[in-house]
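Coordinate inspection notes
Here is what each chain is made of, one letter per residue.
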2 protein chains.
Amino acid sequence: MTELRKTVEAFWAASEARDWEAFAETLAEDVLYEAPLSRERVRGREAYVRFNREFSGDWHVRVERVVAEPGQAVSWIRFTLGDEVNIGISFFTGDEHGLITGVPDFWPDPYEPPASRAHLTERF
Amino acid sequence: MTELRKTVEAFWAASEARDWEAFAETLAEDVLYEAPLSRERVRGREAYVRFNREFSGDWHVRVERVVAEPGQAVSWIRFTLGDEVNIGISFFTGDEHGLITGVPDFWPDPYEPPASRAHLTERF
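Residues numbered from 1 in each chain as written. Chains lettered and ligands numbered in written order. Predicted model: local features only at pLDDT ≥ 70, side-chain atom pairs only at ≥ 80, totals over all residues. Heavy atoms only, no water.

**Some remarks on the sheet that holds strand β5 (residues 84–94) of chain B**
The seven strands are arranged β7(A)-β2(B)-β1(B)-β6(B)-β5(B)-β4(B)-β3(B) in an open sheet whose pairing can be described as mixed. Sheet topology places β7 (122–123) of chain A together with β3 (59–68) of chain B at the edges, where each strand pairs with a single neighbour. Where β7(A) and strand β2 (residues 40–43) of chain B come together, two bridges link them in antiparallel fashion. If you follow R123(A) over to β2(B), its bridge partner there is E40(B). Where helix α1 (residues 4–17) of chain B meets the sheet, it contacts β1 (27–35), β3, β4 (72–81), β5 and β6 (100–106) of chain B, and its direction lies at approximately 175 degrees from that of β3(B). (Pairing = 2+ DSSP bridges. Helix = DSSP H or I, 4+ residues; strand = E, 2+ residues; numbered from the N terminus. Contact = heavy atoms within 4.5 Å. Axes fitted to C-alpha atoms, helices over the stretch in contact; angles between N-to-C directions.)

Written out as structure tokens, the structure reads:
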């Protein structure tokens, strides 16, 4: 089984470069994208390339961490669009060729911690 | 280097069981907890055990996925407290004994997808 880490790194490098041909080459034909928290789903390589290609604006991605096994991986990215900064976390599954078959992702927002645990933490 | 996967599984099993002694055994003495999106930080094993032990309510955790390498791992959990369900994503780093040294975590919320991409997705 091919190492998924390289595929995930290529996936983000191609996104950042808007190189949609290279991006497509990281994906299995039947790739399934899901956003569990917005309940969005995109099926298949062509549709998923289009979903990414049409995301408008001068956005940039920077990979903060990749954790990978042969058949699954996770990336933590910093996504910026103008002054807006978001964290994106994507769970990848891969096939025996190291192509991406599944990409559930998460976009957590900042939040205020409960006052009830203020005595247990520092803030930074 | 000891496999972190087992440590992460023990960490969540001990949490679910409220077995704070077993929980402490998964942690390095100088473990650092950080919540990047609430800017909370907890330093050291004793303080981090207390931070978890004092989280009140009849909460439960179920591990959905673990992705692990020898020195780092990620878990995706389902956290329930009464009717409330949350997804928690934790990035672990480990030392040479397989003990947890760092635990940044994320708690993403549901969100409405932008209408601008409705033509590119299905909903579920």
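**Notes on the side chain of N52(B)**
Relative to the helices and strands, N52(B) is located in helix α3 (residues 45–53). Of the residues examined, N52(B) reaches a relative accessible area of 16% and is grouped as buried. (Buried < 20%, exposed > 50% of the residue type's maximum accessible area, 1.4 Å probe, protein only.)

**Section: the packing of aromatic side chains**
Residue and element names in this part refer to chain A. Considering all chains together, one arrives at 30 aromatic pairs over all chains under this definition. Between F23 and Y48 the ring centres are 5.9 Å apart and the planes differ by 40 degrees, which places this aromatic pair in the tilted class. Of this pair, F23 sits in helix α2 (residues 20–24) while Y48 sits in helix α3 (residues 45–53), and the two are 25 residues apart along the sequence. Grouping residues by exposure puts F23 and Y48 together as buried. Centroid distance F79 to W107: 5.7 Å. Interplanar angle 80 degrees. Geometry classified as edge-to-face. Placement of the pair is F79 in strand β4 (residues 72–81) and W107 in the loop between β6 (100–106) and β7, with a sequence separation of 28 residues. Residue F79 is classed as buried on the basis of its relative accessible area, which comes to 12%. Counting every residue linked through ring pairs, the aromatic cluster contains F11, W12, W20, F23, Y33, Y48, F51 and F92. (Phe/Tyr/Trp six-rings, centres within 6.5 Å; stacked < 30°, edge-to-face > 60°.)

**Some details on the pairing of β2(B)**
As paired strands, β1(B) and β2(B) are joined by four bridges and run antiparallel to one another. Looking across to β2(B), one finds that L32(B) is bridged to R43(B).

**Quick word on α3(B)**
Residues and elements named next belong to chain B. Within α3 the residues assigned to the buried category are Y48, V49, F51 and N52. The buried residues of α3 occupy an angular sector of 160 degrees when projected down its axis, which confines them to one face. Buried residues in α3 make contact with α1, α2 (20–24), β1, β2, β3 and β6. (Arc of directions from axis to C-beta.)

**Details of the interface of chain B and chain A**
At the interface, 45 residues of chain B touch 45 residues of chain A. Taking both partners together, chain B and chain A bury about 4,700 Å²; carbon and sulfur atoms supply 60% of that area. At the junction of chain B and chain A, the tally comes to six salt bridges. Across the pair R43(B) and E122(A) runs a salt bridge whose closest N-O atoms are separated by 2.7 Å. Linking chain B with chain A are 22 residue pairs in polar contact (both at pLDDT 80 or more), by the criterion used here. Those elements that place two or more of their residues in the side of chain B that touches chain A are β1, β2, α3, β3, β4, β5, β6 and β7 (122–123) of chain B. The greatest single-element share of the side of chain B that touches chain A, amounting to five residues, is contributed by β5(B). (Buried area = accessible area lost by both parts, 1.4 Å probe. Salt bridge = Lys/Arg side-chain N within 4 Å of Asp/Glu carboxyl O. Polar contact = N/O pair within 3.5 Å; in protein donor to acceptor, adjacent residues only side chain to side chain.)

**Describing the relation of the copies chain B and chain A**
Between the two copies, chain B and chain A, the superposition gives an RMSD of 0.0 Å; the rotation angle is 180 degrees and the shift along the axis is 0.0 Å. The relationship between the two copies is best expressed as a two-fold rotation axis. Measuring from the rotation axis to each C-alpha of chain B, the shortest distance belongs to P108(B), at 2.0 Å. Of the interface residues in chain B, 100% have counterparts in chain A that sit at the interface too, so the contact is made through matching surfaces. (Least-squares fit on C-alpha atoms with pLDDT ≥ 70 in both.)

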